[in-house]
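Architecture at a glance
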Amino acid sequence: MADVTNRDIDYVAPAEVEEMELYHAHSWITKYVFCQDAKVIAIQYSLTAVAIGLVGLVLSWLMRLQLGFPELFSFIDAEDYYQFITMHGMIMVVYLLTALFLGGFGNYFIPLMVGARDMVFPYVNMLSFWVYLIAVVVLVASFFVEGGPTGAGWTLYPPQTILSGTPGSDGGIVLMLVSLALFIVGFTMGGLNYVVTVLQGRTRGMTLMRMPLTIWGIFIATVLALLAFPALFVGAVMMLFDKLLGTSFFMPAIVELGEQLSYGGGSPLLFQHLFWFFGHPEVYIVALPAFGIVSDLISVHARKNIFGYRMMVWALVAIGGLSFIVWAHHMYVSGMNPYFGFFFATTTLIIAVPTALKVYNWVLTLWRGNIQLTLPMLFALAFIVTFVNGGITGLFLGNVVVDVPLSDTMFVVAHFHMVMGVAPLLVIFGAIYHWYPKITGRMLNEGMGQFHFWVSFLGAYAIFFPLHYLGLMGVPRRYYEMGEISFIPESVGTLNAFVTVMTLIVGFSQVVFLFNMVWSLFYGKKADPNPWKATTLEWQTPETPPGHGNFGKELPIVYRWAYDYSVPGAKDDFIPQNVPPSQVSGKKKAPARRRKRK
Amino acid sequence: MGLIQKLTEKPWLEQGVDADPRDPDAPAYITGKVGLWVFLGTITSLFSLFLSANYVRMGYADWRPLSEHDLLWFNTGLLVVSSLAMQWAVSAARRGQLSGVRNGLALGGIFAFAFLAGQLMVWRDLVDQGHYITSNPANAFFYLLTALHGVHLSGGLIAWARTFARAWRDYNFFDVRLSVELCAFYWHYLLGVWIVLFAVLLIT
């Protein structure tokens, strides 16, 4: 390794960075309601997402009650059940996970972690939240229209979506599509902010390759979302035309209840392609921020620099790019040219390469680290295990020959819940335990946190492991009740009842978590400004929680990457990003550099 | 610094910031312009997906090509003039002539409104001739795509109205110039989109 030039500059006048004009709130309304401060918008986004997520949680209880104890609950009929699964899926994927990761974490941490005072377009950012809120309200309204919400399945496949046999085919589906279109418009406004703030708003010295991986994950995910959500928008608008104006974009000639409908010639497959061209990148829109955040959690709580930082960044970019050419693996049973299936199976398996690389790097970061089993670390470790589990079943489903018999069984349900339900949620929990002290100034209660972690983690396995076995036996998904099917033994019912009970228990532990968040807000232990001894800029703010404008009078200058942990000779075993080399006591050489020289 | 060079940096080896007080990493681009480029990326994705849906749907048996409408050529001309007028405003802004900026903006806006009115007339004619949105998938795509383009142009007109007000009222020439440049760029982009859409409608 060649000698490294260390550009030690003690102090550089910060005057050259142009200060942005900050928006200042003048009244209670503009400070807390129509606010343009990204931190307030982040909290508004998060609270809305959690509120609608709770609706999704309750829906999952209702459908599990029906599956676990069929014929016991007279208030759930087949139509209700379909509406529950549809709304549960849509709420969790789009309105909870996407909104929480990008609207919540993105808004709070992008300006703080890149050293900006706020997002670059604060007004558009505020609009983004309000349009999102309207989208959520429209979605909720669909529960109260005649016929209820749509029950077409979250994939909304035509033609059944808008035929009268499907529950909610009148008002429900229209509101669903309008809500999705609104969500996408709102998201685009927010997404512009996230991308442009990362590109333009970084403080001095914060080069792209010095950004924490959290920001890289959110950045790449937002780019994916900006390119993929239009596909859903196109599908939603064309379906609305089919439903309301009688066009035949997706609707083939069809006879319904003995009556020939006026539709003809449309292509249901076209919708599937549009939907999954959005739907697959959507998986990574949820997963990439989780990858980024978990990298930082592991590095901080194992007191070690992230292994292979550059590779981690490139892997994020590679996964993002590949995610656009794998969508048809959701459509193996829709009928396609065998070569087409072969192509998509290959690309799907290739995506496992950068993903596995990330998993190895997390494990190698832990290797010989000074692992602190704090709550964020527990959740991060749980994420790695869960993600590997869910990822491996993905390899099964990515192969056409294995996928075809497993299609539409509980195996698929188990797979995607593990990989894009449980795994990202574990990261969200870990991130909340990690950053709650910065956001509120108080620590979350440890005891309740431990209870929440163990019940959620073990409970999730008790729920989803059995579903793999059910799926391998051929138990179909989306069925309201099994009735008497020869290949389904009675024991399936017992297992289903067990899973239902576990669902209720895990659900209860989330209530404990929410209680913890409210309780700790008032009675939690006062938090140190940097309780985890982390290097990134959000922990170096003069105030906790960070005040308006984030960083006192002068913006921080960044002198190093975000992973200087366990540095020999450093005062606290770590060096924050904004500490100039001259202020580092002892030897300035980081261990990583010395190892490189060998 | 090139992108490749940036992405192959070794952040764990380098500390400090560059001695030059003008930070080489300071953004070389204007934030508003970067925002517009990113936004246009999203719109490009939107229109390409609509066009690929159009392309797929064309392959089905019930597709009947659209009857051409002469007024569309005229409308295209209006949009070209509108775009040219905006460009005139930009070069006036670069020269620092406020009157030129005002005239260019006014003309650009008027011709854009005329284009939208022209499109509505095409719609009315088509409806009068019995080409309804349900009669054929080609018609449906025509109405859908022209509507979508019109909506984007209308959104542009909101930005145009703000620029127009700015060019008349508060005189901060840097702001005016930037707004005019952004508007004109969006106008050229929408002209490009329209030409592609029109070409697709003509070939099918």
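Every chain begins its residue count from 1, and numbering advances along the sequence as written. As they are written, the chains are lettered A onward and the ligands numbered 1 onward, keeping that order. Where local features are concerned, this predicted model is filtered to residues with pLDDT of at least 70; where side-chain atom pairs are given and counted, the filter is 80 or more; whole-chain, interface and lining totals use all residues. Neither water nor hydrogens contribute to the side-chain values; these are computed over all heavy atoms in the structure.

1. Comments concerning the overall build of chain B
Numbering of helices and strands runs from the N terminus, with a helix taken as a DSSP run of H or I at least four residues long and a strand as a DSSP run of E at least two residues long. Regarding its fold elements, chain B presents six helices and zero strands. Each helix (α) and strand (β) of chain B, taken in turn from the N terminus, gives the series α-α-α-α-α-α. Taking 17 Å as the expected radius of gyration for a compact globule of 204 residues, we find that chain B reaches 22 Å, considerably beyond that expectation. Dimensions along the principal axes, computed over C-alpha positions, put chain B at roughly 70 × 50 × 20 Å. Looking at the 204 residues of chain B, the share that counts as buried comes to 48%. The contact rule is simple, with two residues in contact once any of their heavy atoms fall within 4.5 Å. Taking the intrachain contacts of chain B between residues at least 6 apart in sequence as the baseline, contacts between residues at least 24 apart amount to 79%. Method for areas: the Shrake-Rupley scheme with a 1.4 Å probe, in which residue coverage is limited to the protein chains shown. As presented, chain B carries roughly 9,900 Å² of accessible surface, and 65% of it is formed by carbon and sulfur atoms. A gap of 5 Å separates the mean positions of the 14 positive and 14 negative side-chain charges of chain B. Our radius of gyration looks at C-alpha atoms and nothing else; its globule reference is 2.2 Å times the residue count to the power 0.38. Only protein chains enter the calculation, and the probe is 1.4 Å; a residue is then buried if its accessible area is under 20% of its type maximum, exposed if over 50%, and partly exposed in between. Counting rule for charge: Lys and Arg are taken as positive, Asp and Glu as negative, and neither His nor the chain ends is counted. Charged groups are reduced to one reference atom each: NZ for lysine, CZ for arginine, CG for aspartic acid, CD for glutamic acid.

2. Topic: the pattern of salt bridges
Residue and element names in this part refer to chain A. One speaks of a salt bridge when a side-chain nitrogen belonging to Lys or Arg is within 4 Å of a carboxyl oxygen belonging to Asp or Glu. Per the counting criterion, the structure on display carries nine salt bridges over all chains. Between Arg 303 and Asp 573 there is a salt bridge, and its shortest N-O distance comes to 2.8 Å. With Arg 303 in the loop between helix H7 (268–301) and helix H8 (309–322) and Asp 573 in the loop between helix H15 (491–523) and helix H16 (591–597), this pair connects stretches of sequence that are 270 residues apart. Under the relative-accessibility criterion, Arg 303 is labelled buried at 6%.

3. Considering helix H4 (residues 122–141) of chain A
Residue and element names in this part refer to chain A. What a helix is expected to span follows from its residue count: subtract one and scale by 1.5 Å. Between its first and last C-alpha, H4 extends 29 Å over 20 residues, near the 28 Å set by a 1.5 Å rise per residue. Listing the buried residues of H4 in full gives Pro 122, Asn 125, Met 126, Ser 128, Phe 129, Val 131, Tyr 132, Ala 135, Val 136, Val 138 and Leu 139. As for H4, its buried residues are in contact with helix H2 (38–68), helix H3 (78–114) and helix H5 (171–200).

4. Points about the packing of H4(A) against H5(A)
Residue and element names in this part refer to chain A. Here an angle of 0 to 180 degrees is reported between the N-to-C directions of two axes, which are lines fitted to C-alpha atoms, with helices fitted over the stretch in contact. At their nearest, the axes of H4 and H5 sit 8 Å apart, and the two run at 160° to each other. Taken as axis vectors, H4 and H5 run roughly antiparallel relative to one another. Two packed elements cross with a definite hand, and for H4 against H5 that hand is left-handed. Contacts between H4 and H5 involve Pro 122, Val 124, Asn 125, Leu 127, Ser 128, Val 131, Tyr 132, Ile 134, Ala 135, Val 138, Leu 139 and Ala 141 from the first element and Leu 175, Met 176, Val 178, Ser 179, Leu 182, Phe 183, Gly 186, Met 189, Gly 190, Asn 193 and Tyr 194 from the second. Three classes are used, and their members are as follows: Ala, Val, Leu, Ile, Met, Phe, Trp, Tyr, Cys and Pro are nonpolar, Asp, Glu, Lys and Arg are charged, and the others, Gly among them, are polar. Here the contact of H4 with H5 is composed, by residue class, of 17 nonpolar, six polar and no charged. Note that the term roughly parallel is reserved for angles under 35 degrees, roughly antiparallel for angles over 145, roughly perpendicular for angles of 65 to 115, and oblique for everything else. Should the near helix be turned anticlockwise from the far one by less than a right angle, the crossing is left-handed, and should it be turned clockwise, the crossing is right-handed.

5. Quick notes on helix H14 (residues 446–473) of chain A
Between its first and last C-alpha atoms H14(A) spans 41 Å; for 28 residues at 1.5 Å apiece the expected length is 40 Å, and the two agree. Following H14(A) by one or two positions, Gly474(A) has its phi on the positive side, about 100°.

6. Details of the nonpolar core
Among buried residues, the Ala, Val, Leu, Ile, Met, Phe, Trp, Tyr and Cys ones that are joined through side-chain atoms within 4.5 Å form a nonpolar core. By size, the foremost hydrophobic cluster in this structure holds 254 residues, and its most contacted members are Tyr95(A), Phe105(A), Trp216(A) and Tyr309(A). Looking at this core element by element, the count peaks at 23 residues for H3(A). Other than its neighbours up to four places away in sequence, Tyr309(A) contacts Leu208(A), Met209(A), Arg210(A), Met211(A), Leu213(A), Trp216(A), Trp561(A), Tyr563(A), Pro11(B) and Trp12(B). Core analysis: the second largest hydrophobic core is formed by five residues, Ala570(A), Ile575(A), Val579(A) and Val584(A) among them.

7. Some thoughts on the interface of chain B and chain A
Of the residues lining the interface, 44 residues belong to chain B; the matching set on chain A comes to 56 residues. Overall, the association of chain B and chain A removes approximately 4,700 Å² of surface from exposure, summing both partners, and the carbon and sulfur fraction of that is 67%. Looking at the side of chain B facing chain A, the largest losses of area belong to Trp12(B), Gln15(B) and Val17(B), adding up to 19% of the total buried there. Viewed at the interface, chain A and chain B are joined by zero salt bridges. N or O atoms within 3.5 Å of each other form a polar contact, as long as, within protein, one can give a hydrogen and the other can take it, and as long as residues adjacent in sequence are counted only when both atoms are side-chain atoms. Between the two partners, chain B and chain A, sit 10 residue pairs in polar contact (both at pLDDT 80 or more). Within the residue set of the side of chain B that touches chain A, elements represented by two or more residues are helix H1 (3–7), helix H2 (31–58) and helix H5 (137–168) of chain B. Counting residues per element, the side of chain B that touches chain A draws most heavily on H2(B), at 15 residues. Among the residues forming the side of chain B that touches chain A, the class breakdown is 23 nonpolar, 10 polar and 11 charged. Summed over both partners, buried area is the accessible surface (1.4 Å probe) that two parts give up on being assembled.

8. Brief notes about empty space enclosed by the protein
Residue and element names in this part refer to chain A. Points on a 1 Å grid, built from protein atoms alone, make a cavity when a 1.4 Å probe fits but cannot get out and make a pocket when they are open with protein on both sides within 12 Å along at least 5 of 7 lines; residues with an atom within 4 Å of a point are the lining residues. Grid points are joined across faces, edges and corners, and a volume is the space filled by probe spheres set on the points. Enumeration over the complete set of coordinates arrives at four cavities of 30 Å³ or more. Empty space within the largest cavity amounts to approximately 70 Å³. Contributing to the lining of the largest cavity are 14 residues, with Met 113, Asp 296, Val 300, His 434 and Thr 536 lying nearest its centre. Sorting elements by how many residues they give to the lining of the largest cavity places H7 first, with three residues.

9. Things to note about the confidence of the model for chain B
Predicted coordinates in regions of low pLDDT should not be interpreted in detail. All names here are of chain B. Per-residue pLDDT for chain B averages 88, and the proportion of residues at 70 or more is 93%. By definition, pLDDT measures how confident the predictor is in each residue, and it falls between 0 and 100. Per-element confidence in chain B ranges from a low mean pLDDT of 78 for H1 to a high of 95 for helix H3 (residues 71–95). In the predicted assembly, ipTM is 0.93 and pTM is 0.93.

10. Some thoughts on the packing of aromatic side chains
Residue and element names in this part refer to chain A. Two aromatic rings, drawn from Phe, Tyr or Trp (for Trp, its six-membered ring), form a pair once their centres lie within 6.5 Å of each other, and the interplanar angle then sorts them: stacked below 30 degrees, edge-to-face above 60, tilted otherwise. Scanning all chains against the criterion turns up 64 aromatic pairs over all chains. Ring geometry for Tyr 81 against Tyr 82: centres 5.9 Å apart, planes inclined by 70°, an arrangement best described as edge-to-face. Note on Phe 453 and Phe 457: the rings are 5.5 Å apart at their centroids and 15° apart in plane angle, and the pair reads as stacked. Linking Phe 453 with Phe 457, this pair stays in helix H14, spanning four residues, or about one helical turn. With respect to burial, Phe 453 and Phe 457 carry one shared label: buried.

11. A look at a nonpolar patch on the surface
Residues and elements named next belong to chain A. Within the patch definition used here, like charges are joined within 9 Å and nonpolar side chains (Val, Leu, Ile, Met, Phe, Trp, Tyr) within 5 Å, considering only residues with over 30% relative accessible area and no salt bridge. Nonpolar side chains collect at one region of the surface, where Leu 349, Val 388, Ile 392, Leu 395, Phe 396, Val 401 and Val 402 lie side by side and expose about 550 Å² of accessible area between them. Only helix H11 (375–398) and helix H12 (400–406) provide two or more residues apiece to the nonpolar patch. The element best represented in the nonpolar patch is H11, accounting for four residues. When you line up the elements, Ile 392 lands in helix H11. Ile 392 gets classed as partly exposed once you look at its relative accessible area, which sits at 44%.

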